[in-house]
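Here are the chains, one letter per residue:
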Amino acid sequence: QVQLVESGGGLVQAGGSLRLSCAASGRTFNNHAMGWFRQAPGKEREFVAAISWTGSSIYYADSVKGRFTISRDNAKNTVYLQMNSLKPEDTAVYYCAEHRWGWASAVMSQYEYWGQGTQVTVSS
C-alpha cells in the first residue's frame with residue numbers, strides 16, 4: 001500500500017513563498033510520475049503540476065506557470081512544490097498524488113494514490 005504524506009503548508013501573505021513536500025512509501029517511487037492538485041472551498045479539485053518519473057517531463061496549470069516549480073528527489077522518495085509570488089486565489093488544500101505509470105499527466109483519474117492534503121492559506 002502506498003502512503004503519501006504532505007507537509008509544508010501554512011499561512012503566508014500575498015507575494016510570499018512556501019515549499020510543499022510529499023514523502024512517499026510503499027512501492028517503487030521512481031517508477032511513477034507524481035502530481036500536485038488543489039481544492040479550494042466550494043470548488044472542484046484541480047490540477048496544479050506534474051512531473052514524470054525521470055523528472056524530464058513537467059507540466060503546470062496556466063494559473064501557476066512561472067510561479068510554482070515541481071521537482072523530485074528519487075533518492076528520498078519525495079516530490080516538492082515550490083510556490084512563489086503567492087496570491088489569495090492560491091488558497092486551497094494541496095494534495096500530492098502518485099500516477100499509475102511514469103509519464104506526467106494532468107488527468108486526475110490516472111492518479112492512483114493520494115495524500116491527505118495540506119492547507120495553504122494566502123492572506124491579502
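Residue indices follow the written sequence of each chain, beginning from 1 at its first position. Thresholds applied to this predicted model are a pLDDT of at least 70 for local features of residues and 80 or more for the giving and counting of side-chain atom pairs; totals over whole chains, interfaces and linings are not thresholded and use all residues. Just so you know, side-chain values use all the structure's heavy atoms and leave hydrogens and water out.

Caption draft 1: Geometry of the overall build of the protein. Counting its secondary structure elements, the protein contains zero helices and 11 strands. Secondary structure counts use DSSP, requiring at least four H or I residues in a row for a helix and at least two E residues in a row for a strand, with both numbered from the N terminus. The helix and strand sequence of the protein, counted from the amino end, reads β-β-β-β-β-β-β-β-β-β-β. A 1.4 Å probe rolled over the protein chains alone gives each residue an accessible area, and that area as a share of the maximum for its type sets the label: buried under 20%, exposed over 50%, partly exposed in between. Scored against the burial criterion, the 124 residues of the protein give a buried share of 45%. Throughout, a residue-residue contact means that at least one pair of heavy atoms, one from each residue, lies within 4.5 Å. Within the protein, residue pairs in contact and separated by at least 24 positions form 60% of the contacts whose partners lie at least 6 positions apart. Here the accessible surface of atoms and residues is derived via Shrake-Rupley with a 1.4 Å probe, and residues count as covered only by protein chains that are part of the display. Surface summary for the protein: the accessible area is close to 6100 Å², and the carbon and sulfur share equals 48%.

Caption draft 2: Structural detail: the state of the cysteines. Here, a disulfide means two cysteine sulfur atoms that sit within 2.5 Å of each other. For the coordinates displayed, the defined rule picks out one disulfide. Between the sulfur atoms of cysteine 22 and its disulfide mate cysteine 96 the distance is 1.9 Å. When the S-S torsion is 45°, as for the bridge of cysteine 22 with cysteine 96, the disulfide is right-handed. Placement of cysteine 22 in strand β3 (residues 18–25) and of cysteine 96 in strand β9 (residues 92–99) is noted, with a sequence separation of 74 residues between them. We note that cysteine 22, like cysteine 96, is buried.

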